[in-house]
Amino acid sequence: MSTDTTTDRTAELSARLDGLLTRVDAAVEAARRPAGSVRLLPVTKFFPATDVAILHALGRREFGESREQEASAKVEELGYDDVEWHMIGRLQRNKARSVARWAHTVASVDSERLANALDRAAQDALAVGERIAPLRVLLQVSLDADPGRGGVAPADLLALADLVAKAPGLHLAGLMAIPPLDAPSDVSFANLATLHTSLLAQHAEATELSAGMSGDLEIAVEHGSTCVRVGTALMGARPITSA
């Protein structure tokens, strides 16, 4: 990337980031929640490592990725020791070993088989010094019963939470969901908040609620989201298509 191009991209990302942080702060204030109670997670999937480097220089220390191969390459290329990488996309069990080496958080755990695979991989990584702490896990819950979009059924959520909480290689951190495409966001996030309350009653440590994206973050914050995942509004249109 040329110097002029880097300067332009830095200005673009800086302006968008400032605008988003202002949006989040305003949403928190409107919801009468404590200042700083909601984090912004930049979703950098499909974008080059140079964009991550720019955001890092702008002070960001968490990034969301959804493809294991792409994320692993960025982690290796950038070599940051002060960044928390989040795996936010659907994850195949055969990628668990690789993800356990670099991910701070996996936000898409939706089955016992995946949880068990990640637990084994994280324990192995801890044993050989590739990790210094258990793998942080968010349970992805389905709000529309669409198997193509991932997520554990609400009726099975607490059983999966019990399994993860007992896994020595994992840390149960909370809940994640993607709202249905054909339902009002307000209703979906209200349902999610109810599920999170039920989870907290059994697992008080599971305080994270990852919900809300570029178009609906204000509604998510109103319903208790602690982390909004933002891609398009920050990064712009995707430069490549998913593979």
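Just so we're clear, the structure is a prediction, and the values are computed from it rather than from any experiment.

Undergrad: What should I look at first to understand the nonpolar core in this one?
TA: In globular proteins that are soluble, nonpolar side chains generally tend to be buried together. Core analysis: the largest hydrophobic core is formed by 61 residues, its most contacted members being Val106, Leu118, Leu139 and Leu175. Setting aside chain neighbours within four positions, we find valine 106 in contact with Met87, Leu91, Val99, Leu118, Leu135, Arg136, Val137 and Leu138. Grouped together as the second largest cluster of nonpolar side chains are eight residues, Leu41, Val43, Leu138 and Met176 included.

Undergrad: Got a minute to help me understand the packing of helix α5 (residues 112-127) against helix α6 (residues 157-166) in this structure?
TA: Between two packed helices, the angle of one axis relative to the other and the distance separating the axes together describe the packing. Interaxial distance between α5 and α6 falls to 10 Å at its minimum, and their mutual angle equals 10 degrees. As summarised for this structure, α5 and α6 are arranged roughly parallel, according to the angle between their axes. Within the contact between the two elements, α5 uses Glu112, Ala115 and Asn116 and α6 uses Leu160, Leu163 and Val164. Tallied by class, residues from the contact of α5 with α6 come to four nonpolar, one polar and one charged.

Undergrad: Would you mind going over the UniProt feature "modified residue: N6-(pyridoxal phosphate)lysine" (unreviewed entry) in the protein chain with me for this structure?
TA: Under the local residue numbering, the UniProt record ascribes the feature "modified residue: N6-(pyridoxal phosphate)lysine" (unreviewed entry) to Lys45. Residue position: lysine 45 is located in the loop between β1 (39-42) and α2 (49-57). If we ignore the near neighbours within four places in the chain, the residues touching lysine 45 are Gly64, Glu65, Ser66, Glu70, Lys74 and Arg238.

Undergrad: Can you walk me through the UniProt feature "domain: Alanine racemase N-terminal" (unreviewed entry) in the protein chain in this structure?
TA: In the numbering used here, UniProt assigns the feature "domain: Alanine racemase N-terminal" (unreviewed entry) to residues 26-239. Helix and strand shares over residues 26-239 are 40% and 17% respectively, and the end C-alpha atoms of the span are 30 Å apart.

Undergrad: Sorry, what's going on with the pattern of salt bridges here?
TA: A side chain of one charge can pair with a side chain of the opposite charge when the charged atoms of the two come close. Per the counting criterion, the structure on display carries 14 salt bridges. With its nearest N and O atoms 3.2 Å apart, the salt bridge here joins glutamate 12 to arginine 16. Note that glutamate 12 and arginine 16 are positioned in helix α1 (residues 3-30) at a spacing of four residues, about one turn of the helix. When its relative accessible area of 31% is taken as the criterion, glutamate 12 is described as partly exposed. Put simply, lysine 74 and glutamate 65 hold a salt bridge, and the shortest N to O gap is 2.8 Å. Accessibility classification places lysine 74 together with glutamate 65 in one group, the buried group. Connected through shared salt-bridge partners, Arg9, Glu12, Arg16 and Asp51 make up one network.

Undergrad: Help me understand the pairing of strand β4 (residues 105-109), please; the structure alone is not making it clear to me.
TA: Along any regular strand, the residues point their side chains to alternate faces of the sheet. Within β4, five of the five residues are buried, which leaves the element mostly enclosed by the surrounding structure. Where strand β3 (residues 84-87) and β4 come together, two bridges link them in parallel fashion. Residue pairing across strands places histidine 86 opposite threonine 105, the latter belonging to β4. The sheet contact formed by β4 and strand β5 (residues 135-140) spans three bridges and is parallel. Looking across to β5, one finds that valine 109 is bridged to leucine 139. Where the polypeptide runs from β4 across α5 and back to β5, its parallel neighbour, the crossover connection is right-handed.

Undergrad: Explain helix α7 (residues 185-202) here, please?
TA: A turn of α-helix holds 3.6 residues, and therefore any two residues three or four places apart point the same way. Taking 1.5 Å of rise per residue, 18 residues should cover 26 Å, and α7 covers 26 Å from first to last C-alpha, within 8% of that figure. Of the residues making up α7, those classed as buried are Ser188, Phe189, Leu192, Ala193, Leu195, His196 and Leu199. Summarising the contacts, the buried residues of α7 are in contact with α6, β6 (170-176), β7 (208-210) and α8 (217-222).

Undergrad: What exactly am I supposed to notice about α1 here?
TA: The end-to-end C-alpha distance of α1 is 40 Å, a good match for the 40 Å that 28 residues give at a rise of 1.5 Å each. Considering only its buried residues, α1 is in contact with β1, α2, α8, β8 (227-230) and α9 (232-235). Trailing α1 by a residue or two, arginine 32 shows a phi angle of about 55 degrees, which is positive.

Undergrad: Sorry, what's going on with the side chain of arginine 33 here?
TA: The topology assignment puts arginine 33 in the loop between α1 and β1. A polar atom in the side chain of arginine 33 sits 2.8 Å from the backbone oxygen of valine 221. Once you skip the residues sitting within four places of it in the chain, arginine 33 turns out to touch Val28, Val38, Val221, Gly224, Ser225 and Thr226.

Quick notes on the rules
Residues numbered from 1 in each chain as written. Predicted model: local features only at pLDDT ≥ 70, side-chain atom pairs only at ≥ 80, totals over all residues. Heavy atoms only, no water. Core = buried A, V, L, I, M, F, W, Y, C linked by side-chain atoms within 4.5 Å. Buried < 20%, exposed > 50% of the residue type's maximum accessible area, 1.4 Å probe, protein only. Contact = heavy atoms within 4.5 Å. Axes fitted to C-alpha atoms, helices over the stretch in contact; angles between N-to-C directions. Helix = DSSP H or I, 4+ residues; strand = E, 2+ residues; numbered from the N terminus. Parallel < 35°, antiparallel > 145°, perpendicular 65-115°, else oblique. Nonpolar A, V, L, I, M, F, W, Y, C, P; charged D, E, K, R; others polar. UniProt positions renumbered as here; feature names shortened; annotations may be inferred. Salt bridge = Lys/Arg side-chain N within 4 Å of Asp/Glu carboxyl O. Pairing = 2+ DSSP bridges. Right-handed = clockwise from strand over helix to strand, strands pointing away. Expected span 1.5 Å × (residues − 1). Polar contact = N/O pair within 3.5 Å; in protein donor to acceptor, adjacent residues only side chain to side chain.

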